[in-house]
Structures are given as C-alpha cells and as structure tokens.
Amino acid sequence: MSLSAQNVVKRFGAFTALDGVSLDVGAGEFVALLGPSGSGKTTLLRILAGLEVPESGRIAIGDQDMSDTPARDRRVGFVFQHYALFRHMTVAENIAFGLTVRPRASRPSRAAIAARVAELLDLVQLAHIGARYPAQLSGGQRQRVALARALAVEPRILLLDEPFGALDAKVRKDLRRWLRDVHDRMGLTSVFVTHDQEEALDLADRVVVMDHGRIEQVDTPERVWDRPATAFVCDFLGGGNRIACTANAGLIDIAGVRLPNLAPPLPDGPADGFIRPHEFALAAPGHPGIAARLRRIQRTGPQAALEAVTDSGSIIEVSLSDPPADLAAGAELVLVPTAVRAYRAR
Amino acid sequence: MKTAVTEPRWLRWLLIALALGFLALNLALPLIVVFAEAFRKGADAYLAAIRDPEALTALRLTLTVAAIAVPLNIVFGLAASWAIAKFDFRGKALLVTLIDLPFSVSPVVAGLIYVLLFGMQGWFGPWLRDHDVQIIFAVPGLVLATLFITFPFVARELIPLMEEQGREEEEAALSLGASGWATFRRVTLPNIRWGLLYGVLLCNARAMGEFGAVSVVSGHIRGKTNTLPLHIEILYNEYNFVAAFAVATLLAGLALVTLVVKSFLEWRYAEQLAGHGA
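No experiment lies behind these values; they were computed from the predicted model shown.

## Points about the overall build of chain B
Here comes step 1: Counting secondary structure elements, chain B contains 13 helices and zero strands.
Here comes step 2: Secondary structure elements in chain B, listed N-terminal to C-terminal, are α-α-α-α-α-α-α-α-α-α-α-α-α.
Here comes step 3: Seen along its three principal axes, the alpha-carbon backbone of chain B occupies a region of about 65 × 60 × 30 Å.
Here comes step 4: Counting the 278 residues in chain B, one finds 40% classified as buried.
Here comes step 5: Contacts in chain B between residues at least 24 apart in sequence constitute 73% of all its contacts with a sequence separation of at least 6.
Here comes step 6: With the model as given, the accessible surface of chain B reaches about 15,400 Å², and the carbon-plus-sulfur share is 69%.
Here comes step 7: Mean positive and mean negative side-chain charge positions of chain B (21 and 21 charges, respectively) differ by 4 Å.

Here is the structure:
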C-alpha cells in the first residue's frame, strides 16, 4: 500500500517542526527518515500514524485520503522508540491486544486469536516467553514483541520510530537484517526513523534526509552517499574534510587540482568542498595538491588513517590503503584529492 | 551482618527510638485513650451509647455521605488527572492550582461558601425555596461540602503517576485500533490502579472524618444532619464523655478497617506491586 504526505506543516508553539513536507512512499518500499534530532523526522512519522495532527497538509494511504481519519482507524502499525509495551500484560496479551480490542462483530474467536499470537511469537522467535511480562525481557526481546504486536492487526503500513535506538551494537545489527527480512516476506510498506546514517544506508530502499523541518534529499542509499544534494546532506552522511575551493566553468579547483563536481552544479566563485578521507592520493613534492605535515599515522592491516595539518593549521583526515612503509609522523605530504563534492560557500 | 551503613549504633537506636516515641505519643496513645474512655463505665454503657438511635443515624449518614462523595470524586479525580497528564491545553496550570484549592482553603470557609450560595439568604436561596429544594442543613449540603474537601485526594495521587507513565502506551493502544474507552479501561486504568486505590482510601478517610466544612452546612439537627464527627462533638459538649468516646471508637474502627483493607491488598498483590510498575 503506498503512502503519501502533501505539504504537511506542523508547529509546536513557536517552533516549526515540519515546514511544508511532501513525501511519496511506494507500495512495498522500505524508507528511512534520516536526520539529526529536532529535524522533524519523528513528527512526520507520528503524523503519518495519526498520532499528531498537522496544521495543514494531506495524508493519503493507497488512494484514500486519511487526513481526517483518527489513528485507530488508519490500520497503521506503529513501533515506538521505547516500545510502549503494556506493562501489566504478558507478552502474549500484548500481542493479542489489537485483536481482543476489536468490536465483538469483527473480533476473531478466542482460538483464532491464540493461533495468531502463536504464529507471531514464532515469527519473532519468542515462542517460549509468551507468559512473561515486559519488565522481564531484554531490550531486543521487547523490540520484537512490539513489532509482533504491531503486526497482529495486519497493518497496511508499518512505521518504526528509532527501532534500534536503545539496543547495543551487536543486537542492533542482527535485528536490522531480521526486520528487513520480515518486511520483504510480509510484503509490507515500511517507514522508519533513525539518526544513524549507517543504519539508514544499510537497510532502506530509499533514504529521506531531513533538517529543520524540511526534506533535503530523497534518494537511494547509493545516490544519497555518492551525490548528496546539499552541503547538509553531505556533511551529515560523513562528508569528511571541508576544504575551501573555487568553482570555475563547471570544475572545482582545490590547491591547483581541478576536478569535476559530484554535487549539483553551482555558479562560479568560492565554494565549500567536501573530500572524504579515502578520496586522497599522495603525490611527489612539487606536484599540485594540498601541502600538509603528517602529524599521526595509525596502521590497521593494509589500511592507514592519517592526520595531517595544513600550513593554515586545519586538520585533514586521510585514509590510505597500502601507504609507503617509511611514512612516519613529521613527513611533508602533498595530498591530491581524487573526488570532491562542492557547494556554494556559506 | 555487615552493611554499607556507617552511622554508629547509638545514632541508629536514637533515630528509631525517636520515631517510635513520636508514633506512640501521637498515634497509639490517643487511640488507647479513646477506647479506655469509651469503656470506662463498662461494656453495657458502651453498647448503650453506640446503640443510641441518634448515634446509629449519624453512622448511617456518615456512610451515606461517603458512599456518594467518594465515587463522585473518583470520577472527577480520574477525569482531572487524565486531562492534566495526557493532554496539553490552555489553562492547565490554572486547573492544577484549582485542584489544590481545597487543601489551601480552611474547611470552615469552604462550608461558608455553600451557605452563601445555597442558604436562605444566599444567591440561589430564594429560587431553591420556591422550588422546595433544601441543600443547606440537609444531606445535599453535607455531600457538597464533603465533595469539595475531598476532591484533591484522588487527583493528587494520580497526576504524578500518570505524568511519569507518559502517553506512549495509550498511543500504542490507539494505533492498534482501540477506542478511547477501551484504551482507558484496558491500558490506563490497570496502570494506575494502585495509585487510585491509595487515593480512594485517603479520600474515604477524609470524607468520613471531615468536621469543619460539614459542621457549617449541617445545622446540627440531631438524628437528621449530624454525621459521626458532629455527633461526637455534641456528646462531648454535653459532658457525655463515655458516649462521645464510644461513638469515636466507631470512627476509629472505620479507619482501622480501611487500613486493614489496604494492608491486605498490598500483601495479596505484593508481587505485582514490586514487579511491574504501580
């Protein structure tokens, strides 16, 4: 089921959380809302679920306008950041809630509910803990119970708020794969909020990058990473070193090295270039490039992380594979950028 | 046993002795006095005093007033704390202040407010007289005054609890298709039941024991508008000490029943209380 938001505006007092946001999610897509805290991503998710009412704008699910439909009639599964499990109910009762709460006419029989709960417990690999209370579960288990509870009502859309935010790194990675697998198997349309760029790029079909209540870019993970539309997106995704440069006739000039711009075209003049650590090569003295003195080198296997200081005192981080064996702190380097994303200077 | 407590033994004993001494002096002793005085002239005099029709009427009236005021304040308290904890609206701070008003206003003043509103010379007095409705010096006045005085107990108990629990569970219930009522009944209420129970017990204790406000609106009509505390005062003023203390044991008995119920429930559901939230 597709999902769309058109020109959504939401304010909290004087603070504008969403400033005219439009987004289309295709049926079966897995979309990440990525941004720093305060960017409006969670607000957008809550508006899609009907938990928050926007000042203006429309929400549609499939071809049905849902703007005035209350949360409970939207058939949207919502997984909360802190899971919001019902603390006084067992795991099985939690999962069954969406079914047992239905009006008598449309409520499945007791046996049918029990069968559905068993099936979902299997799906989330928690068949043995149906009788426990949420307080007795680990974070990862709670997360899976929350997901099973949301799926019990067979939602058309699954919305997840920072689904892995409260978990440790190992559990997070496993759950990520597993969630993606559940999404694909059940043919869901899912939107999840995250502030972790690696998570968004790793998991989503498309990434929506947000800042200050606006959408900065909507694209596939590859394109968001390779071709960030704005300086914010580039920086937020790990833009690397920010180096002053000049745009001239479609090329970017950095310390005498001229490169094509991987960011959208910009007018001639001063610009901010972003160069990632691995987008450097070393050159012989006298070559055009950024002159810098090596301050620190850290070798890990064939890789080396370098920290160099330019004449003007700014620090450049460089990542090299197979650096010369005699490279040591104090060496004078010439760093030649191999790629750049440049944006109008701020 | 070794513990992390480093205070010297004598200090710990001193603190315990202080606390116990205070309890004995201020709680146990008065209770003993009440029972001792009540039985000073023997069990027969005691029984006669509490079998007195006026005493029984007073007991019945006290129970009636509590039976009306407490359920109403459960509803009001729930509604107010629900609104305050789960919604944002203009005038929320004002509502919180208003809930505390009965705590800050003298009960006598509270009673007078009702006399000024509904008494013969009050704002609504003439209208009420024309329609043959009596509020002051009658049961409705007693109920109103008790409602006012006991309003904060349930709300005060629930607001911090509900605020701490937040809105997420309710939102989860809504997104799972639950109606507002189902959400309240199946999610909110179970989460606050212990706080609610304490609030109700406190509210009930005060409703039965309230003196000041009730005294102003009652008119002290023997066998008609005297609640237990008022009846005790009248007996005492008539130097009928045995009867006064005998009736006082009834009131103390009601308080003890409340305490026993509370302790029983705490014992019975100790696991739930310790396990997962209130």
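So that's the structure; there's more coming.
## What to know about the confidence of the model for chain B
Residues and elements named next belong to chain B.
Here comes step 1: Across chain B, the average pLDDT comes to 87, with 96% of residues at 70 or higher.
Here comes step 2: Across chain B, the secondary-structure element scoring lowest on mean pLDDT is helix α13 (residues 270-275), at 64, and the one scoring highest is helix α8 (residues 168-175), at 93.
Here comes step 3: ipTM for the predicted complex: 0.84, alongside a pTM of 0.80.

## Quick look at the interface of chain B and chain A
Here comes step 1: Listed by partner, the interface residues are 19 residues for chain B and 23 residues for chain A.
Here comes step 2: Here chain B packs against chain A, burying approximately 2,100 Å² in sum over the two surfaces, 59% of which is carbon and sulfur.
Here comes step 3: Counting across the interface, chain B meets chain A through two salt bridges.
Here comes step 4: With its nearest N and O atoms 2.8 Å apart, the salt bridge here joins B:E169 to A:R87.
Here comes step 5: Applying the counting criterion to the chain B and chain A interface returns five residue pairs in polar contact (both at pLDDT 80 or more).
Here comes step 6: The set of elements that each furnish at least two residues to the side of chain B that touches chain A consists of α8 and α9 (180-209) of chain B.
Here comes step 7: In terms of residue count, α8(B) provides more of the side of chain B that touches chain A than any other element does, seven residues in total.
Here comes step 8: Split by residue class, the side of chain B that touches chain A holds eight nonpolar, six polar and five charged.

## Some words on the nonpolar core
Residue and element names in this part refer to chain A.
Here comes step 1: I95, L147, L151, L158 and V207 are the most contacted members of the largest nonpolar core, which totals 46 residues.
Here comes step 2: Top element by residues in this core is helix α4 (residues 139-151). It accounts for six residues.
Here comes step 3: In contact with I95, other than residues within four places in its own chain, are V117, L120, L121, V145, A148, R149 and A152.
Here comes step 4: Counting 40 residues, the second-largest nonpolar core is a separate cluster that includes L33, L51, A71 and F86.

## Observations regarding the packing of helix α11 (residues 228-237) of chain B against helix α12 (residues 241-268) of chain B
Residues and elements named next belong to chain B.
Here comes step 1: Interhelical geometry of α11 versus α12 gives an angle of 160° and a closest axis separation of 8 Å. With respect to α12, the element α11 is oriented roughly antiparallel. Seen from above, α11 lies across α12 with left-handed handedness. In this structure, α11 uses L228, P229, H231, I232, L235 and Y236 to contact α12, whose residues at the interface are F241, A243, A244, V247, A248, L250, L251 and L254.
Here comes step 2: In terms of residue class, the contact of α11 with α12 is made up of 13 nonpolar, one polar and no charged.

## What to know about the sheet that holds strand β12 (residues 251-254) of chain A
Residues and elements named next belong to chain A.
Here comes step 1: The five strands lie next to each other as β13-β12-β11-β14-β20, forming an open sheet whose pairing is antiparallel. Of all the strands in the sheet, the pair left with one neighbour each is β13 (257-260) and β20 (341-344). Strand after strand, the sheet turns through a mean of 40° between neighbouring axes, direction not considered.
Here comes step 2: Here strand β11 (residues 241-248) pairs with β12 via three bridges, running antiparallel. Each residue of the ladder has a partner; that of T246, found in β12, is D253.

## Things to note about the side chain of A:K41
Residues and elements named next belong to chain A.
Here comes step 1: Here K41 shows up in helix α1 (residues 41-49).
Here comes step 2: Lacking a salt bridge, the buried K41 has E162 as its closest oppositely charged neighbour, with an N-O distance of 4.2 Å.
Here comes step 3: The contacts of K41, once residues within four sequence positions are left out, are L33, L34, G35, P36, E162, V193, T194, H195 and M210.

## Overview of the pattern of salt bridges
All names here are of chain A.
Here comes step 1: Scanning all chains against the criterion turns up 34 salt bridges over all chains.
Here comes step 2: The partner of R258 in a salt bridge is D253, with the nearest N and O atoms 4.0 Å apart.
Here comes step 3: Since its relative accessible area comes to 43%, R258 is described here as partly exposed.
Here comes step 4: Residue D253 is classed as partly exposed on the basis of its relative accessible area of 24%.
Here comes step 5: It is possible to trace a salt-bridge network through shared partners that takes in K173, R176, R177, E198, E199 and D202.

## Re the side chain of A:T189
Residues and elements named next belong to chain A.
Here comes step 1: For T189, the location among the structural elements is in strand β8 (residues 189-194).
Here comes step 2: Looking at T189, the relative accessible area reads 0%, which means it is buried.
Here comes step 3: Ignoring anything within four residues of it in the chain, the contact list for T189 reads M1, V25, G26, A27, G28, E29, R156, I157, L158 and H183.

## Here's the deal with the environment of A:R258
Residue and element names in this part refer to chain A.
Here comes step 1: Relative to the assigned elements, R258 resides in strand β13.
Here comes step 2: Along the sequence, R258 and R293 sit 35 residues apart, while their C-alpha atoms lie 22 Å from each other.
Here comes step 3: Beyond its immediate sequence surroundings of up to four residues, R258 is in contact with N248, L251, I252 and D253.

## Overview of the packing of helix α2 (residues 91-100) of chain A against α4(A)
Residue and element names in this part refer to chain A.
Here comes step 1: Where α2 meets α4, the axes come as close as 7 Å, and the angle between the chain directions of the two elements is 30°. As judged from the angle between their axes, α2 and α4 are roughly parallel. The hand of the α2/α4 crossing is right-handed. Across the interface between the two elements, V91, N94 and I95 from α2 touch V145, A148 and R149 from α4.
Here comes step 2: Looking at the contact of α2 with α4 residue by residue, the classes come out as four nonpolar, one polar and one charged.

Rules of the game
- Residues numbered from 1 in each chain as written.
- Chains lettered and ligands numbered in written order.
- Predicted model: local features only at pLDDT ≥ 70, side-chain atom pairs only at ≥ 80, totals over all residues.
- Heavy atoms only, no water.
- Helix = DSSP H or I, 4+ residues; strand = E, 2+ residues; numbered from the N terminus.
- Buried < 20%, exposed > 50% of the residue type's maximum accessible area, 1.4 Å probe, protein only.
- Contact = heavy atoms within 4.5 Å.
- Areas by Shrake-Rupley, 256 points an atom, 1.4 Å probe, with all protein chains shown as cover.
- Lys, Arg positive; Asp, Glu negative; His and termini not counted.
- Charge placed at Lys NZ, Arg CZ, Asp CG, Glu CD.
- pLDDT = per-residue confidence, 0-100.
- Buried area = accessible area lost by both parts, 1.4 Å probe.
- Salt bridge = Lys/Arg side-chain N within 4 Å of Asp/Glu carboxyl O.
- Polar contact = N/O pair within 3.5 Å; in protein donor to acceptor, adjacent residues only side chain to side chain.
- Nonpolar A, V, L, I, M, F, W, Y, C, P; charged D, E, K, R; others polar.
- Core = buried A, V, L, I, M, F, W, Y, C linked by side-chain atoms within 4.5 Å.
- Axes fitted to C-alpha atoms, helices over the stretch in contact; angles between N-to-C directions.
- Parallel < 35°, antiparallel > 145°, perpendicular 65-115°, else oblique.
- Left-handed = near helix turned anticlockwise from the far one by under 90°.
- Pairing = 2+ DSSP bridges.

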